[in-house]
Amino acid sequence: MCETVDEYFEVALSLVKKAGNLITAHTSGCKTFQQKSCDIDLVTEVDKNVEDTIIGGLKAKFPAHKFIGEETVSSGGKCELTDDPTWIIDPVDGTMNFIHGFPHSSISVGLTINKEAVAGIVYNPVLQQLFTAKKGQGAYYNDRQIHVSTIKELGKALITFEAGTSRDTEKRDAVFENFKLVVNKAHGVRCLGSAALNMAMVALGGADANFEFGIHAWDIAAGDILVREAGGVCIDPAGGKLDLLARRVLCAATPELAQELVASIAQLYPERD
Ligand code: LIP
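Position labels on residues start from 1 in each chain and follow its written sequence. Per-residue local features are limited, in this predicted model, to residues with pLDDT of at least 70; the limit for side-chain atom pairs, both in listing and counting, is 80 or more; totals at the level of whole chains, interfaces and linings are taken over all residues. As a convention, hydrogens and water are excluded, and side-chain values are obtained from all of the structure's heavy atoms.

As annotated in an unreviewed UniProt entry, the protein chain carries the name Inositol-1-monophosphatase and is attributed to Operophtera brumata. As its UniProt record puts it under Catalytic activity (unreviewed entry), the protein chain is described as follows: "a myo-inositol phosphate + H2O = myo-inositol + phosphate". UniProt positions are given in the numbering used here, feature names are shortened, and annotations may be inferred rather than shown by experiment. Within the UniProt record for the protein chain, the comment given under Sequence similarities (unreviewed entry) is "Belongs to the inositol monophosphatase superfamily."

Caption draft 1: The side chain of D236, seen in detail. We count a stretch as a helix when DSSP gives it H or I for four or more residues in a row; a strand needs E for two or more, and each element gets its number in order from the N terminus. Relative to the helices and strands, D236 is located in the loop between β13 (233-235) and β14 (248-252). Any residue under 20% of the maximum accessible area for its type is buried, any over 50% is exposed, and the rest in between are partly exposed; the area is computed with a 1.4 Å probe on protein chains only. When its relative accessible area of 12% is taken as the criterion, D236 is described as buried. Contact between two residues is taken to exist if any of their heavy atoms lie within 4.5 Å; hydrogens are not considered. For D236, the residues in contact, after removing those within four places along its chain, are K241, L242, R248, L250 and V262.

Caption draft 2: Focus on the environment of A186. Structurally, A186 is set in the loop between α5 (169-185) and β11 (188-190). For A186, a relative accessible area of 12% puts it in the buried group. Counting along the chain gives 29 residues from A186 to A157, while the straight-line C-alpha distance between them is 5.4 Å. Filtering out sequence-adjacent residues up to four positions away, A186 remains in contact with L154, G155, A157, I159 and L181.

Caption draft 3: Quick peek at helix α6 (residues 195-204). Judged by how many residues are buried, α6 sits mostly within the fold: nine of ten residues are covered. At the C-terminal side of α6, G205 shows a positive phi close to 90°.

Caption draft 4: Seen up close, the UniProt feature "binding site: Mg(2+) 1" (unreviewed entry) in the protein chain. In the numbering used here, UniProt assigns the "binding site: Mg(2+) 1" (unreviewed entry) feature to E70 and D219. A compact arrangement is adopted by the annotated residues: their sequence extent is 150 residues, whereas the largest C-alpha distance between any two is 8.7 Å. For E70, the location among the structural elements is in helix α3 (residues 70-74). Residue class for E70 comes out buried when judged on its relative accessible area of 12%. When residues no more than four places from it in sequence are discounted, the contact partners of E70 are K36, E51, I89, D90, P91 and W218. If we skip the residues at most four places from it in the chain, D219 touches D90, D93, S108, A195, A196 and M199. Polar contacts involving the side chain of D219 include one to the main-chain amide nitrogen of H216, which spans 2.9 Å. Two N or O atoms form a polar contact when they lie within 3.5 Å of each other; inside protein one atom must be a possible hydrogen donor and the other a possible acceptor, and for residues adjacent in sequence the pair counts only when both atoms belong to side chains.

Caption draft 5: The arrangement of the state of the cysteines in detail. When two cysteine sulfur atoms lie within 2.5 Å, the pair is treated as a disulfide. Under the defined criterion, the tally for this structure stands at zero disulfides. With no disulfide of its own, C30 has C38 as its nearest cysteine by sulfur position, at a separation of 18 Å. For C30, a relative accessible area of 7% corresponds to the buried category.

Caption draft 6: Spatial organisation of the pairing of β14. Counting buried residues along β14, five of its five residues qualify, which places the element largely inside the surrounding structure. Residues R248, L250 and A252 line one face of β14 and the alternating positions V249 and C251 line the opposite face, and both faces are buried. Pairing between strand β12 (residues 209-213) and β14: five bridges, direction antiparallel. Looking at the pairing, N210 lines up with C251 of β14. Here β13 pairs with β14 via three bridges, running antiparallel. Bridge pairing in β14 links I235 to L250. Criterion used throughout: strands pair if DSSP finds at least two bridges between them.

Caption draft 7: Up close: the sheet that holds strand β10 (residues 158-160). An order of β11-β10-β12-β14-β13 is seen for the five strands of this open sheet, with the pairing classed as mixed. Every interior strand has two partners, whereas the edge strands, β11 and β13, have only one. Along the sheet, successive strands turn relative to each other by an average axial angle of 20°, direction set aside. Simply put, an axis is a line fit to the C-alpha atoms, just over the touching stretch for a helix, and the angle between two N-to-C directions goes from 0 to 180 degrees. Where α5 meets the sheet, its contacts fall on β10, β11 and β12, and the angle it forms with β12 comes to roughly 165°. Strand contacts of helix α7 (residues 217-229): β13 and β14, with the helix running at about 25° to β14, the strand carrying the most contacts.

Caption draft 8: Quick peek at the site of the ligand. Only heavy atoms are used to decide nearness, and a residue is near a molecule or strand if one of them lies within 4 Å of it. Taken together, 13 residues lie near the ligand, and D90, D93, G94, T95 and E212 sit nearest. At a separation of 2.5 Å, an oxygen atom of the ligand approaches a polar side-chain atom of D93. Contacts to the ligand include T95, whose backbone N or O atom sits 2.8 Å from an oxygen atom. Broken down by element, the residue count for the shell around the ligand peaks at three residues, all from strand β4 (residues 86-93). How far each domain reaches was decided by an automatic or database domain assignment. Looking at the shell around the ligand, you find at least three residues from each of domain 1 (5-146) and domain 2 (154-264).

Caption draft 9: Looking closely at the side chain of E229. Examined against the element boundaries, E229 turns out to sit in helix α7. At 2.8 Å, the side chain of E229 forms a polar contact with the backbone nitrogen of G136. Excluding its chain neighbours within four sequence positions, the residues that come into contact with E229 are A133, K134, K135, G136, Q137, G138 and A139.

Here is the structure:
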């Protein structure tokens, strides 16, 4: 039976909405958590339960599909992207926000076929923010079609950006250098604490560009298709084609703004996933 992206998407959306209830059960925060790589890289049982709910449901319906889940990889699972239909999942993107009860975390689910994102869901259940996109069918926010802004210059752009998410000194220094750049040159900087929501703001047209080093495929796979289906660009921060496993992303409303950032930002090359 030849299944379609629409069918894959509908099953995933139903599972994401169901799993969102696991997050909204903790709207005042989740004070039980474990450390992963350092004291600000954290995980909760809710992260794991959300991932198990979504992967379990998709595996039951589509047993031939492949999966890259943040917490499965963190527990030793493979992070391998093939041409097969592959679900790339961050169960709670912005876990630090979730732990504190800061209402900006999201379930991020991307589907790739032939290594290209063809469907994406970014869902913040606490604020009921649902961002969706399917290849060739546009991008939507709570069922309203959305489009990136028309901003072409950094001096007129609002940039989403992340800081304070790593203890690595090389990453910290690059973040400080890039923070100075955008603070000195852009209209402003906003840090939501969720890569997926930062990218969704660009798709919405509320922000004009986002870039980040050190993120993983599960942070950006859904945001990639969201921004592109909203009319924006999503590339490697040095200007080449986006590589979901390179742990580097730059998305922007316009190619002109993207290229100005490519020419201005301090680059960082984390170890690939
Ligand atoms: C987080 C990302 C954030 C990044 C953090 C972390 P998590 O995802 O959304 O943009 O800066 O390092 O990766 O770990 O909360 O799922």
